[in-house]
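# Per-entry structural report
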Amino acid sequence: RQSPSSTAVAFESHIFANLVNAQIAVIDAYKGRQQAELRIQDGSTAKTSRSEALQFDNVVAVNPGFYEVVAEDLSGNMLARQELVALNRESYLVLRVGMELVGTENEEFPQELLVFPRSDPKVLLEGAAWSVKIPTATLLLCLVAAFV
C-alpha cells in the first residue's frame, strides 16, 4: 500500500540476471516508524557462522545452502526471522512487510519477513549426495578403463 488509508499499491519490477548462483532481491514494503536492518546468516545447522548485511532495494547472489534472514532493530534486537534454502539458478524475494498505525482505530499488521519461493531442503541435500557420487563414478570408470 502507498498509505494506511489507501487500497492502491506501489509497483516495482526487477529482472534477475542469468547466473548459476541463487539471487535474492530484498524489498522493504513495511509502512511504519520502526527501522530495521536485515542480515543473512548461515542456518542453525551450519558448521560456520557467517553473517552479512542485506541492503533494501538491492539484489545479491549467494551460494547454495541453508540460510536465515533476520530483521533486527537498530539496537540489535531480533524483530523477525525466516529460513531460506538457496538453490543454484533460483531467484528469491525477501520482503519486509507490515503496517504500523499510530493514532487510528484501524488494525495494525505486525512486522514480518516473507521469503518467496520456498525451496525444498531435500533438493539441496540430494544435490550434495549427487556431487559425492560423481567422483566415485569417475574413479570407478578410470579403474575399469585401466584394466580393459
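Look above for the structure.
Scoring rules and cut-offs
- Note on numbering: residues in each chain are counted from 1, in written sequence order.
- Confidence filtering applies because this is a predicted model: local features only for residues at pLDDT of at least 70, side-chain atom pairs given and counted only at 80 or more, and all residues used for totals across whole chains, interfaces and linings.
- Neither water nor hydrogens contribute to the side-chain values; these are computed over all heavy atoms in the structure.
- For helices the rule is a DSSP run of H or I covering at least 4 residues; for strands it is a run of E covering at least 2, with both sets numbered from the N terminus onward.
- Here, two residues are considered to be in contact whenever any of their heavy atoms come within 4.5 Å of each other.
- For the area figures, the Shrake-Rupley method with a 1.4 Å probe applies, and any residue is considered shielded solely by the protein chains shown.
- A pair is scored as a salt bridge if a Lys or Arg side-chain nitrogen falls within 4 Å of a carboxyl oxygen belonging to Asp or Glu.
- In this scheme, a residue with accessible area under 20% of its type's maximum is buried, one over 50% is exposed, and one in between is partly exposed, where area comes from a 1.4 Å probe on protein chains only.
- By the criterion applied in these results, polar contacts are pairs of N or O atoms within 3.5 Å in which, for protein atoms, one can donate a hydrogen and the other can accept it, and in which residues neighboring in sequence qualify only through two side-chain atoms.
- For two strands to count as paired, DSSP must find a minimum of two bridges between them.
- Fitted lines through C-alpha atoms serve as axes, helices being fitted only where they are in contact, and the angles separating the N-to-C directions of these axes extend from 0 to 180 degrees.

Within the chain one finds one helix and eight strands. For the chain, contacts bridging at least 24 residues in sequence account for 64% of all contacts bridging at least 6. For the chain, the exposed area adds up to about 10,300 Å²; of that, 55% sits on carbon and sulfur atoms.

With that out of the way, let us pick up the pattern of salt bridges. Under the counting rule described, the total for this entry stands at three salt bridges. Where glutamate 100 meets arginine 33, a salt bridge forms, and the shortest distance between an N and an O atom there is 3.3 Å. Here glutamate 100 is found in the loop between strand E7 (91–99) and strand E8 (109–116), whereas its partner arginine 33 is found in the loop between strand E1 (22–28) and strand E2 (37–42), with 67 residues between them in sequence. The class for arginine 33 is exposed, based on a relative accessible area of 61%.

This part is about the side chain of arginine 96. Residue placement: arginine 96 occurs in strand E7. Side chain to side chain, arginine 96 and aspartate 28 meet in a polar contact 3.0 Å long. Of note is the side chain of arginine 96, whose polar atom sits 2.6 Å from the side chain of glutamine 111. Look past the residues within four positions of arginine 96 in its chain and what remains in contact with it is Ile27, Asp28, Ala29, Tyr30, Gln34, Gln35, Ala36, Phe56, Gln111, Glu112 and Leu113.

What follows deals with the environment of alanine 17. Structurally, alanine 17 can be placed in the segment before E1. Among the residues examined, alanine 17 registers a relative accessible area of 42% and is labelled partly exposed. Note: C-alpha distance between alanine 17 and alanine 61 (44 residues apart in sequence) is 9.8 Å.

Next up on the list: the sheet that holds E8. The strand order across the open sheet formed by four strands is E4-E1-E7-E8, and the pairing between neighbours is mixed. The two strands at the open ends of the sheet, each matched to only one other strand, are strand E4 (58–62) and E8. On average, adjacent strands in this sheet sit at an angle of 15 degrees to one another, irrespective of strand direction. Relative to E4, E1 runs antiparallel, the two sharing five bridges. Across the sheet, residue alanine 25 finds its bridge partner in E4, namely valine 59.

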